[in-house]
Amino acid sequence: MNDTKSTIKSYWDRRSSTFDLSPGHTLSSKKEEDAWKALFLDKIGPGDKRVLDVGVGTGFLSIMLAEIGYSVVGVDLSEEMIKNARKKMDARGLKVRLEVGDAEALPFEDASFDGVVNRAVLWTLPNPKKALAEWKRVLKPGGTLCFFLHGPHSHGLSHRLTKQFTNLIILARERRNPWKSLYDSVDLPMGGGVESSVVIDLLKKAGYAGVRSDPLKEIGQMKSKNMPWYYRISSQKSMQYCYSCRKS
Ligand SMILES: C[S@@+](CC[C@H](N)C(=O)[O-])C[C@H]1O[C@@H](n2cnc3c(N)ncnc32)[C@H](O)[C@@H]1O
């Protein structure tokens, strides 16, 4: 593993134990859960599908995918994230195969999944183009790629002030230092969020068909409504998008 990947891995290893304390990372309501499941059924389809969750984290997407009835495999660079995800799967009695692996060099055969999904992962990769090619490699022809990613972060003065204020409250309530970030030491092409036109262009150039991006409005609103106020004031600044396309 190169230095950049080691830094990223250590960051997520450290972050794993507090990851689910951030309200945006977990489900806010049954209504939100139903909306996610309906979205996956629409994009991937019903039935016995084999689905890969890249950068599975503590299992947010994988739990819902397994509950839909898909055969789910989760992969993550961080062993500690995998351990946390494993505990959550066991507690729910869900059979999800979880393993350590790199989103840009997946330990799976060509054309072995009906669907590849992920949330908030492309931004933390040093080589997003390589990842998109790799995700296409493991998809079966006709298989679906569906992932979620934030638009560009705002850099305006009011946003920076709000962010500092939110960080102070996170420090007090979640017992973690939100200023201690991996952005400081690693250069990530999409680290500050990314315009959807840029992602669409990358997906088309990677050879995907039926490329589309949809703002994740309804789910975003449900999340935001149920968040503590100190998250709500800064989460409204950047929209999350759902990207979907097929391997033709
Ligand atoms: C923001 S978290 C998202 C976790 C999960 N997808 C979710 O939505 O809750 C990013 C995840 O990507 C993982 N990750 C970072 N770089 C990776 C890589 N090169 N390969 C696989 N996973 C990676 C991190 O360990 C972390 O679990």
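Here, the structure is the one placed above.
The sections below set out a description of the structure shown in this document. Keep in mind that this is a model prediction, so the values were computed, not measured. (Residues numbered from 1 in each chain as written. Predicted model: local features only at pLDDT ≥ 70, side-chain atom pairs only at ≥ 80, totals over all residues. Heavy atoms only, no water.)

Moving on, we get to the nonpolar core. Nonpolar side chains in soluble globular proteins generally cluster together in the buried interior. Ranked by size, the top nonpolar core spans 40 residues in total, and within it Leu52, Trp135, Leu145, Phe147 and Leu203 carry the most contacts. The residues contacting leucine 203, other than those within four sequence positions of it, are Leu132, Leu145, Phe147, Tyr208, Val211, Tyr243 and Cys245. One finds Ala35, Phe40, Phe60 and Val72 within the second-largest nonpolar core, a separate group that totals 28 residues. (Core = buried A, V, L, I, M, F, W, Y, C linked by side-chain atoms within 4.5 Å. Buried < 20%, exposed > 50% of the residue type's maximum accessible area, 1.4 Å probe, protein only. Contact = heavy atoms within 4.5 Å.)

If you check the backbone angles, alanine 111 has positive phi at about 50° while not being a glycine. Examined against the element boundaries, alanine 111 turns out to sit in the loop between β3 (97-100) and β4 (113-119). Under the relative-accessibility criterion, alanine 111 is labelled partly exposed at 34%. Even without being a glycine, alanine 120 presents a positive backbone phi close to 55°. Here alanine 120 is to be found in the loop between β4 and α5 (128-138). Since its relative accessible area comes to 31%, alanine 120 is described here as partly exposed. (Helix = DSSP H or I, 4+ residues; strand = E, 2+ residues; numbered from the N terminus.)

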